[in-house]
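What follows is each chain in one-letter form.
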Amino acid sequence: MRSSTFKWVILSATLLLAALVAFQLFWLKRIYNTEQQLFTTNVIKSVRGLMEDIKLSEDAPRLQQIVERPDNSTFLVKVEAIPHKDSLGYYLSQELQDFDVLTDCRVAVYDHLLGKVIYDLYLPSPGSPFTDESRIDPPIYRRTYRHILLYFPHHDKYLMHEMRYWIIGIIFLLILLLGLVVSLFYLYRQKFLNELQKDFVNNFSHEFKTPLAVMKIASDVLMDPRARNQPDRLQKYSGIIQEQTLHLQRQVDRLLRNAHGKGNVMPLEKQEVDPNTLVRMSLQQLDPLIRDKHADIQIDLDATDSKIMADGEHLQLVIVNLVENALKYSKDPRITISTRKTDGHYSIAVRDNGIGIEKKYLGKLFQKFYRVPTGDVHNVKGFGLGLDFVKKVVQGHHGRVHVQSIPGVGSEFEVLLPII
Ligand code: ADP
C-alpha cells in the first residue's frame, strides 16, 4: 500500500474513532440523566415516607404539587406544620437510607410568616467523611409558603460515584482508542520514512551510477593507444570526465552539507558581497550543464553597484541550486536570472519555461527530501534536498523565498534578502 492510500485509511479510521468517542460521550450523558432521574425519584419516595412518619401536610398524597425542585440538588417540600427538629432529623435520615439516597443532606425549615429559617440540620450519610456542619450553609429560598428545604451538597460527586464503573470503562476505552490513533500515526510515519528512504536510495544510485558509468567509458577510450594520436578525441573525452567529476562533486557536497546541518541551524559567515558577481560565478560553475542542455540564459542584473551582507559561498550555492533546478525541470530551457533592489530587500530571481509545479505542491517544496510526484513522465532524478538547503540558507539571512509557478508554462523562484 502506498503511503497516500495508507493516509486515507488512517484518516477514515480516525474519523470512525472520533465518531465512536462522540457516541461514548453521548451515552455517558444519557447515563447521567438516568442517574439524576433515579436520584430525584428516590428523594421524592423518601419525602413520601417522611410524610407517613410525621403528619406534615394535608396534600401529602399529591406529592408532585408540594415538592419544588429549584435545581438538581435542592428540594423544597411545602408543609403546613413545623415538625420537631429531632423527629424530622431521625425520620428523614431513616427514609433517605431506606431509599438508597446515600449522600449528606442539609435540611432547613423556612417559615414564610417570619421570613427566616427556623432551624437547620445536617444529616450525614453512613460513612460520610463530612461532619463539619458549619462548612455548608443551606441556600435560602424565600417562598411565600412554609417549607422544608433538602439540599444535597455533594450531589454531583454522589452521581459520579454511582456512575464510576461506566466512567472507568469509558476512560479505558478512550485510552485504548487514543493508543490506536497514536499507533496508526506512527505506522504512517514509519511507512512514509520507508518510502522516503527507498526513493532516496533509488535516486542516490542513479545520481552516482550514471556519471561513474560515463567516466568509465570515457577513460576506456582514453586508455586506448589509438586515442593518443587523436587530440580531438582526447580533448572530448577528458572534457566528459571533468564534467562528470564536477557533477559528482556537487552531489557529494550537497549530501555532506545536509548531513552536517543540525536541524534548521545553518552556520553562516556574513561579509559584504556583490550579488551580481555571485550570479556570474554560479553560471560559470554550471557552464557544462548549460551547454549540455543548450540552454538560453538571460541575465538582467541590477545596474547599481550593490553590496549586501551575506555568506557569499552559501548564497552562491543557493543560486546554483535554483538555476540547476531551472535547467533540470525544463525541456528547452530559457532561463532569466535577475537581481534588483525592492523595499528594504535585495531580490534574486530565477525564472524558467519548464514543467512548472501544481499549486497544491508549492507549500511542500521546501521540505527535506520532498519531490513533486510526477509518475513516470519526467524522469528527472534528485534527492529533494536542494530547496531545503535554499530555505535554510535564506532563513539564516532572515530572508524569504517566493515561488510562482504555472504547470506547463514555467516557474519563478525569488530570494529576498534584507539590505542591512
Ligand atoms: P531535487 O533534487 O528533486 O531537484 P529540490 O529540493 O531542488 O530537489 O526540489 C524539490 C522538488 O521541487 C523537485 O523534485 C521538483 O519536483 C520541484 N522543483 C524544484 N524546482 C523546480 C522548477 N524550477 N521547475 C519545476 N519543478 C521544480
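Each chain has its residues counted from 1, following the order in which its sequence is written. For a predicted model such as this one, the threshold for reporting local features is a pLDDT of at least 70, and the threshold for listing and counting side-chain atom pairs is 80 or more; totals across whole chains, interfaces and linings nevertheless cover every residue. For the side-chain quantities, the full set of heavy atoms in the structure was used; hydrogens and water were omitted.

## Things to note about the overall build of the protein chain
Scanning the protein chain from terminus to terminus reveals 11 helices and 12 strands. A radius of gyration in this sense is built from C-alpha atoms; the matching globule rule multiplies 2.2 Å by the number of residues raised to 0.38. In terms of overall dimensions, the protein chain is more spread out than a globule: its C-alpha atoms have a radius of gyration of 41 Å, far above the 22 Å expected for 420 residues. Throughout this description, buried means an accessible area under 20% of the type-specific maximum (1.4 Å probe, protein chains only), exposed means over 50%, and partly exposed covers the range between. The burial tally for the protein chain puts 41% of its 420 residues in the buried class. Only the protein chains shown count as covering a residue, and every accessible area follows the Shrake-Rupley method with a 1.4 Å probe. Carbon and sulfur atoms provide 57% of the accessible area of the protein chain, an area that totals close to 24,800 Å². The helix count covers DSSP runs of H or I at least four residues long, the strand count covers runs of E at least two residues long, and both are numbered beginning at the N terminus.

## Describing the domain arrangement of the protein chain
Splitting the protein chain by domain gives domain 1 (3-162), domain 2 (166-260) and domain 3 (271-418). The interface of domain 2 with domain 3 comprises 15 residues on the first partner and 18 residues on the second. One speaks of a salt bridge when a side-chain nitrogen belonging to Lys or Arg is within 4 Å of a carboxyl oxygen belonging to Asp or Glu. Along the contact surface separating domain 2 from domain 3 lie zero salt bridges. Here a polar contact is taken to be a pair of N or O atoms separated by no more than 3.5 Å, where protein atoms must pair a possible hydrogen donor with a possible acceptor and residues adjacent in sequence count only if both atoms sit in side chains. Remark: the boundary between domain 2 and domain 3 carries zero residue pairs in polar contact (both at pLDDT 80 or more). What marks off one domain from the next here is an automatic or database domain assignment. Residues are treated as being in contact if the distance between any of their heavy atoms lies within 4.5 Å.

## Side note on the environment of Thr74
With respect to the helices and strands, Thr74 occurs in strand 2 (residues 74-78). As for Thr74 and Leu149, which are separated by 75 residues in sequence, their C-alpha atoms are 7.2 Å apart. Within the local environment of Thr74, its side chain forms a polar contact with the side chain of Asp71, the two groups lying 2.9 Å apart.

## Focus: the sheet that holds strand 7 (residues 296-300)
Between any two strands, pairing holds if DSSP finds at least two bridges. With respect to topology, five strands assemble into an open sheet ordered 7-9-10-12-11, the strand pairing being mixed. The two strands at the open ends of the sheet, each matched to only one other strand, are strand 7 and strand 11 (400-406). Going across the sheet, the axis of each strand differs from the next one's by a mean of 15°, ignoring polarity. Axis definition: a line fit to C-alpha positions, over the contact stretch in the case of helices; interaxial angles, taken between N-to-C directions, run 0 to 180 degrees. Where helix 9 (residues 312-328) meets the sheet, its contacts fall on strand 9 (334-342), strand 10 (345-351) and strand 12 (410-418), and the angle it forms with strand 10 comes to roughly 25°. Here helix 11 (residues 386-396) sits on the sheet in contact with strand 11 and strand 12, set at roughly 25° to strand 12.

## Here we look at the layout of surface pockets
Of the volumes computed, that of the second largest pocket is approximately 570 Å³. Here a cavity denotes a set of grid points, spaced 1 Å apart and computed over the protein atoms alone, in which a 1.4 Å probe fits but from which it cannot get out, and a pocket denotes an open set meeting protein on both sides within 12 Å along at least five of seven lines; residues with an atom within 4 Å of a point are reported as lining. Lining the second largest pocket we find 22 residues, and of these Glu207, Gln244, His247, Leu289 and Asp292 sit closest to its centre. Considering each element in turn, the lining of the second largest pocket owes the most residues, six residues, to helix 6 (residues 231-260). In the lining of the second largest pocket, the residues fall into seven nonpolar, seven polar and eight charged. Of the domains in this structure, domain 2 (166-260) and domain 3 (271-418) are the two that each give at least three residues to the lining of the second largest pocket. Grid points are joined across faces, edges and corners, and a volume is the space filled by probe spheres set on the points. Each residue receives one of three labels: charged for Asp, Glu, Lys and Arg, nonpolar for Ala, Val, Leu, Ile, Met, Phe, Trp, Tyr, Cys and Pro, and polar for the others, Gly being one of them.

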